[in-house]
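Structural description and commentary
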Amino acid sequence: MDWAFVHKTWDKWASTNIGYSGHPLKAALLINYDPTGPSRLLSTIAEQEGIKANPIELSHFVDFIKQNKLQTELFVIGFNQYLVTSIHENWFSARCINTSKPAGEGAIVIQTAAYILVALYEGSIGPASRAMAAADQLTWQLGRKNL
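What counts as what
Residues numbered from 1 in each chain as written. Predicted model: local features only at pLDDT ≥ 70, side-chain atom pairs only at ≥ 80, totals over all residues. Heavy atoms only, no water. Helix = DSSP H or I, 4+ residues; strand = E, 2+ residues; numbered from the N terminus. Rg over C-alpha atoms; globule rule 2.2 N^0.38 Å. Buried < 20%, exposed > 50% of the residue type's maximum accessible area, 1.4 Å probe, protein only. Phe/Tyr/Trp six-rings, centres within 6.5 Å; stacked < 30°, edge-to-face > 60°. Lys NZ or Arg CZ within 6 Å of the ring centre and 35° of its normal. Pairing = 2+ DSSP bridges. Axes fitted to C-alpha atoms, helices over the stretch in contact; angles between N-to-C directions. Contact = heavy atoms within 4.5 Å.

Named according to an unreviewed UniProt entry, the protein is Profilin originating from Flemingia macrophylla.

What follows is the structure in structure tokens.
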């Protein structure tokens, strides 16, 4: 694992994509993930920006993905509950069901060879498209090193 590359790539990406005013994402998490590894290995937070994630809560989120509960259950990130709205080969999107934001909130979750990226955004269709483009940019950069 090339931690230096991941950290440098994350820092550069996060500085231009995460924030409130004029940025496509309000927060993002990068979680170490090996779906083929032993169950005793816990996934850890590799990077985070705009959110302070709870490791216990994230273990439930990773279990949600491992057990393929995408179509049957909600998942929680921070104080928000999300309902999966679209499932694709290596990513899915979800909408927050308990938001107080008038335009709503959403999440895009992308699985790479070694990570799960959780990209959180505020808004509806336009912001979702910008969030997907931002998330795809990071996963493409990580994919160059097969991460």
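Don't stop here, the text continues.
Counting secondary structure elements, the protein contains 3 helices and 7 strands. Taken from the N to the C terminus, the helices and strands of the protein come in the order α-β-β-α-β-β-β-β-β-α. Here the protein has a C-alpha radius of gyration of 14 Å; the compact-globule value for 147 residues is 15 Å, and the two agree. Principal axes of the C-alpha set define a box for the protein whose edges measure 40 × 35 × 25 Å. Buried positions account for 44% of the 147 residues belonging to the protein.

Moving on, we come to the packing of aromatic side chains. Inspection of every chain in the model, using the stated rule, returns 7 aromatic pairs. Note on F61 and F75: the rings are 5.1 Å apart at their centroids and 50 degrees apart in plane angle, and the pair reads as tilted. Taken together, the residues F61 in helix 2 (residues 55-66) and F75 in strand 3 (residues 75-77) connect sequence positions 14 residues apart. We note that F61, like F75, is buried. The ring of F5 has K145 lying over it, and the distance from NZ or CZ to the ring centre is 5.0 Å.

A few words on the pairing of strand 7 (residues 115-122). When you tally the buried positions in strand 7, you get 7 out of 8 residues, the bulk of the element. As defined by bridge partners, strand 1 (residues 27-32) adjoins strand 7 across 6 bridges and the pair is classed as antiparallel. Looking at strand 7, one finds that I31 is bridged to I116. Pairing analysis gives 7 bridges linking strand 6 (residues 105-111) to strand 7, with the strands arranged antiparallel. Bridging across to strand 7, I110 finds its partner in L117. In textbook terms, the turn of a hairpin is the stretch between consecutive antiparallel strands, and for strand 6 and strand 7 this stretch comprises 3 residues.

Moving on, we get to the sheet that holds strand 4 (residues 80-87). Read from one edge of the open sheet, 7 strands run 2-1-7-6-5-4-3, paired in antiparallel fashion. Each edge of the open sheet is held by one strand with a lone partner, namely strand 2 (45-49) and strand 3. Adjacent strand axes in the sheet meet at a mean angle of 25 degrees, parallel and antiparallel pairs treated alike. Helix-sheet contacts for helix 2 involve strand 1, strand 2, strand 3, strand 4, strand 5 (91-96), strand 6 and strand 7, and the interaxial angle to strand 3 is about 145 degrees.

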